[in-house]
Amino acid sequence: NKKIPRGPPSPPAPVLHSPTRKVTVKEQQEWKIPPCISNWKNPRGYTIPLDKRLAADGRGLQDNTINDNFAKFAEALYIADRKAREAVDMRANIEKAMAAKEKEEQEQKTETYRSESQGGKEWNYQRRS
């Protein structure tokens, strides 16, 4: 019990064409579609010039514009990085000064202990450097 598709109801409308004419070389060139050039596949191994590859890529057609917000962001990152570096340098200098001060205090303590152990005599002691 299958339905059979119906046939056409009446003769189809005629397709109207413009009169045929000879095609010029210029028109042939305009209608010519260039072969597809891919940067990923080249199954036949053709040598494709770089200018053709770049033209197929479409990179030359795009105009690169940098957003103003990106420029502001980059500037803010640069300033933050510079401030962070200055803070690190300052902290390192303070730690170095603290270490030098602590070392000086330690030397003073050892000097006082030495003088006390000698019974008040000043001891001629020379540092080695």
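Draft legend 1. Structural context of the overall build of the chain. The helix and strand tally for the chain stands at three helices and zero strands. Each helix and strand of the chain, placed in order from N terminus to C terminus, yields the pattern α-α-α. By the compact-globule yardstick of 14 Å for 129 residues, the chain is too spread out, its C-alpha radius of gyration being 44 Å. With respect to the three principal axes, the spread of C-alpha positions in the chain is 135 × 55 × 35 Å. Across the 129 residues in the chain, those meeting the buried criterion constitute 1%. If you average the places of the 25 positive and of the 18 negative side-chain charges in the chain, the two averages end up 19 Å apart.

Draft legend 2. Structural detail: helix α3 (residues 68-117). A rise of 1.5 Å per residue sets the reference length of α3, with its 50 residues, at 74 Å; its end C-alpha atoms lie 73 Å apart and thus fit the reference within 8%. Of the residues flanking the end of α3, it is glycine 119, one or two places downstream, whose phi is positive at about 80°.

Draft legend 3. Broad picture of helix α2 (residues 50-57). Burial analysis of α2 places just zero of its eight residues in the buried class, a small minority of the element. Among the residues trailing α2, glycine 58 stands out with phi positive, at a value near 85°.

Draft legend 4. Up close: the confidence of the model for the chain. Averaged over every residue, the pLDDT of the chain is 86; the share at 70 or more is 92%. The least confident element of the chain is α2, whose mean pLDDT is 80; the most confident is α3, at 95.

Draft legend 5. Structural detail: the pattern of salt bridges. For the structure shown, the criterion picks out three salt bridges. With a shortest N-O distance of 3.4 Å, glutamate 27 and arginine 21 are connected by a salt bridge. A residue is classified by how much of its surface remains accessible, and arginine 21, at 63% relative accessible area, is exposed. Close ionic contact of glutamate 111 with arginine 114 constitutes a salt bridge, the shortest N to O distance being 3.4 Å. Of the two residues, glutamate 111 and arginine 114 are both situated in helix α3; the distance of three residues between them amounts to about one turn of the helix. We classify glutamate 111 as partly exposed; its relative accessible area is 28%. By relative accessible area, which is 25% here, arginine 114 ends up partly exposed.

Draft legend 6. Broad picture of the environment of glycine 7. Within the fold, glycine 7 resides in the segment before α1 (25-31). When the C-alpha atoms of glycine 7 and lysine 32 are compared, they prove to be 40 Å apart, with 25 residues separating the residues in sequence.

Draft legend 7. Here's a closer look at a nonpolar patch on the surface. Where nonpolar side chains cluster on the molecular surface, the patch consists of Ile66, Phe70, Phe73 and Leu77 and spans about 460 Å² of accessible area. In this fold, phenylalanine 73 is placed in helix α3.

Calculation rules
Residues numbered from 1 in each chain as written. Predicted model: local features only at pLDDT ≥ 70, side-chain atom pairs only at ≥ 80, totals over all residues. Heavy atoms only, no water. Helix = DSSP H or I, 4+ residues; strand = E, 2+ residues; numbered from the N terminus. Rg over C-alpha atoms; globule rule 2.2 N^0.38 Å. Buried < 20%, exposed > 50% of the residue type's maximum accessible area, 1.4 Å probe, protein only. Lys, Arg positive; Asp, Glu negative; His and termini not counted. Charge placed at Lys NZ, Arg CZ, Asp CG, Glu CD. Expected span 1.5 Å × (residues − 1). pLDDT = per-residue confidence, 0-100. Salt bridge = Lys/Arg side-chain N within 4 Å of Asp/Glu carboxyl O. Patch = residues over 30% accessible without salt bridge, like charges linked within 9 Å, V, L, I, M, F, W, Y side chains within 5 Å. Areas by Shrake-Rupley, 256 points an atom, 1.4 Å probe, with all protein chains shown as cover.

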